[in-house]
Amino acid sequence: MKVSPGELGDLWLLACEDAGFKPNAEAVLYVVNGDADNGSPAIHIEPGSAVGADEEWPLRPNQVEDANSPIRRHSHRVAVRDFGSPRVALGRLRHELEHARQYERSAPLYRRMAAGRYALAREFELCEPPSRKGSGVLYNLLPFEEDANRAAARLTDIHFGPATESELTSTDAPLFRDDAAIEPDTLALRVLAFSALFPEGMAWVANKNKEPLNTLLLHFGDDAQLGWDLLYAKTEIRDYGRAALSQCPSESVIDSSPTPAVAWSPSKERIQEGKATAEAVLGAQRPPLRLN
Ligand SMILES: [Zn+2]
């Protein structure tokens, strides 16, 4: 880790202030040793849930005890490791704290928004892509990840100035690339729109959760089922999802592209078009759909 503990502490204060949390009271940070390898470099743990150490997140016994203590248990807990630079550290901290804000806004939505991610993953596996290298760019299109990355990009830009060319082509680039304003009020609508691109995957997720799809959708808001039915009736919506996955690049195309992200552009564009189309359908409803 190229960031000293003191510096990391300062960046945590900055990220908390920007996200609107009282540091070490409403939100607590745990630093884990070691690098992320292919695992996640940071994680947000919702208030109230029990924290345990495992192979992926080898928290020390005193950290586990602290995270589960009566005074911490109802705080947002963020665990991190492995920063290449202070800029990456600040971006990651703010990213995770945006997930904390998403939880504060709607805990039901927060608890099921990842269904869209698993739905994409399921349909991705079913289409047997020639390579997975760099496919993370598709997951960064998930609306809740997009918002978290935007929050990271805004704060890192304010604090450190514009990202360099090498930072913008690094694997951490999603934290710096897009600093557009976040519209938290439309998150549920955007999650619903994204999920509708992968209906087969969503059915699989509901089945895996052992809950009917309409129960899962209720987490997105009272009218989510109505919105889902509207989108499901338009076959072109799911066609965007299918088209995206039929355009996955081969290993050789990925290797000959300037960055893996470039090779995934056609798939990425189809998902973006599908999202925009589905969001427009949902947004045009009158009276407006009641979503979380
Ligand atoms: Zn995230």
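Chains are numbered independently. Their residues run from 1 in the order of the written sequence. Thresholds applied to this predicted model are a pLDDT of at least 70 for local features of residues and 80 or more for the giving and counting of side-chain atom pairs; totals over whole chains, interfaces and linings are not thresholded and use all residues.

(A) Expanded view of unusual backbone geometry. Residue Pro287 is bonded to the preceding Arg286 through a cis peptide linkage, with omega at -5°. For Lys210, which is not glycine, the phi torsion reads 60° and is therefore positive. With respect to the helices and strands, Lys210 occurs in the loop between α10 (199-209) and α11 (213-218). Three exposure classes are used, all based on how many other C-beta atoms lie within 10 Å of a residue's own C-beta (placed from the backbone): buried at 20 or more, exposed at 12 or fewer, and partly exposed between those limits. Here Lys210 falls in the exposed class, since 7 other C-beta atoms lie within 10 Å of it. Helix and strand assignments follow DSSP, with helices taken as H or I runs no shorter than four residues and strands as E runs no shorter than two, numbered in order from the N terminus.

(B) Seen up close, the domain arrangement of the protein chain. Each assigned domain of the protein chain is listed here: domain 1 (1-105) and domain 2 (106-292). Each side of the interface is counted separately: domain 1 has 17 residues, and domain 2 has 19 residues. Of all elements in the fold, only α1 (5-19) and α3 (86-105) reach the threshold of two or more residues within the side of domain 1 that touches domain 2. Take the side of domain 1 that touches domain 2: its biggest share by element is 12 residues, from α3. By residue class, the composition of the side of domain 1 that touches domain 2 is five nonpolar, five polar and seven charged. The source of the domain bounds is an automatic or database domain assignment. In this description, any two residues whose backbone-derived C-beta atoms lie within 7 Å of each other are considered to be in contact. All amino acids are sorted into three groups, where Ala, Val, Leu, Ile, Met, Phe, Trp, Tyr, Cys and Pro are nonpolar, Asp, Glu, Lys and Arg are charged, and the leftover types, Gly among them, are polar.

(C) Local environment of the packing of α1 against α3. Axis lines are fitted to C-alpha atoms, over the contacting stretch for helices. Their N-to-C directions set the angle, which ranges from 0 to 180 degrees. Here α1 crosses α3 at 35°, and the two axes come no closer than 9 Å. Remark: the crossing between α1 and α3 carries right-handed chirality. Mapping the contact onto sequence places Glu7, Leu8, Leu11, Trp12, Leu14, Ala15, Cys16, Asp18 and Ala19 in α1 and Pro86, Ala89, Leu90, Leu93, Arg94, Leu97, Glu98, Ala100 and Arg101 in α3. Partitioning the contact of α1 with α3 into residue classes produces 13 nonpolar, no polar and five charged. Should the near helix be turned anticlockwise from the far one by less than a right angle, the crossing is left-handed, and should it be turned clockwise, the crossing is right-handed.

(D) Broad picture of the sheet that holds strand β1 (residues 27-31). Paired strands are those between which DSSP finds at least two bridges. Taken in spatial order, the three strands line up as β1-β3-β2 in an open sheet, and their pairing is mixed. Looking along the sheet, the strands with just one partner apiece sit at the ends: β1 and β2 (42-45). Put simply, the sheet's adjacent strands are angled 20° from each other on average, direction ignored. The pairing of β2 with strand β3 (residues 76-80) spans four bridges and is antiparallel. Bridging from a neighbouring strand, Ile45 pairs with Arg77 of β3.

(E) Layout of the packing of helix α7 (residues 143-160) against helix α9 (residues 187-195). At their nearest, the axes of α7 and α9 sit 8 Å apart, and the two run at 130° to each other. One way to sum up the angle between α7 and α9 is to call them oblique. In this structure, α7 contributes Pro143, Phe144 and Asp147 to the contact, and α9 contributes Leu187, Arg190, Val191 and Phe194. Roughly parallel covers angles under 35 degrees, roughly antiparallel covers those over 145, roughly perpendicular covers 65 to 115, and oblique covers all other angles.

(F) Fine view of α1. One fewer than the residue count of a helix, multiplied by 1.5 Å, yields its expected span. With 15 residues, α1 extends 21 Å from end C-alpha to end C-alpha; this agrees with the ideal 21 Å at 1.5 Å per step. Of all the residues in α1, the buried ones are Leu11, Trp12, Ala15, Cys16 and Ala19. Buried residues of α1, viewed axially, fall in a sector of 140°; they line one side. Across from the buried face of α1, at angles greater than 90 degrees, the exposed residues are Gly6 and Glu17. Contact partners of the buried residues in α1: β1, α3 and α7. To be clear, the arc concerns the directions from the helix axis to the C-beta atoms.

(G) Up close: the nonpolar core. A set of buried residues drawn from Ala, Val, Leu, Ile, Met, Phe, Trp, Tyr and Cys, joined through C-beta atoms within 7 Å, is what defines a nonpolar core. Membership of the largest hydrophobic core comes to 76 residues, with the highest contact counts inside it found for Ala15, Leu93, Leu97, Val191 and Leu192. At seven residues, α9 tops the list of elements feeding residues into this core. Viewed by domain, this core spans two of them, domain 1 (1-105) and domain 2 (106-292), each represented by three or more residues. Once residues within four sequence positions are removed from consideration, Leu97 is found in contact with Ala15, Cys16, Ala19, Phe21, Ala27 and Val78.

(H) Main features of the environment of Leu8. Mapped onto the elements, Leu8 comes out in helix α1. Distance from Leu8 to Leu90, taken between C-alpha atoms, is 8.0 Å for residues 82 residues apart in sequence. Once you skip the residues sitting within four places of it in the chain, Leu8 turns out to touch Val3, Val31 and Ala89.

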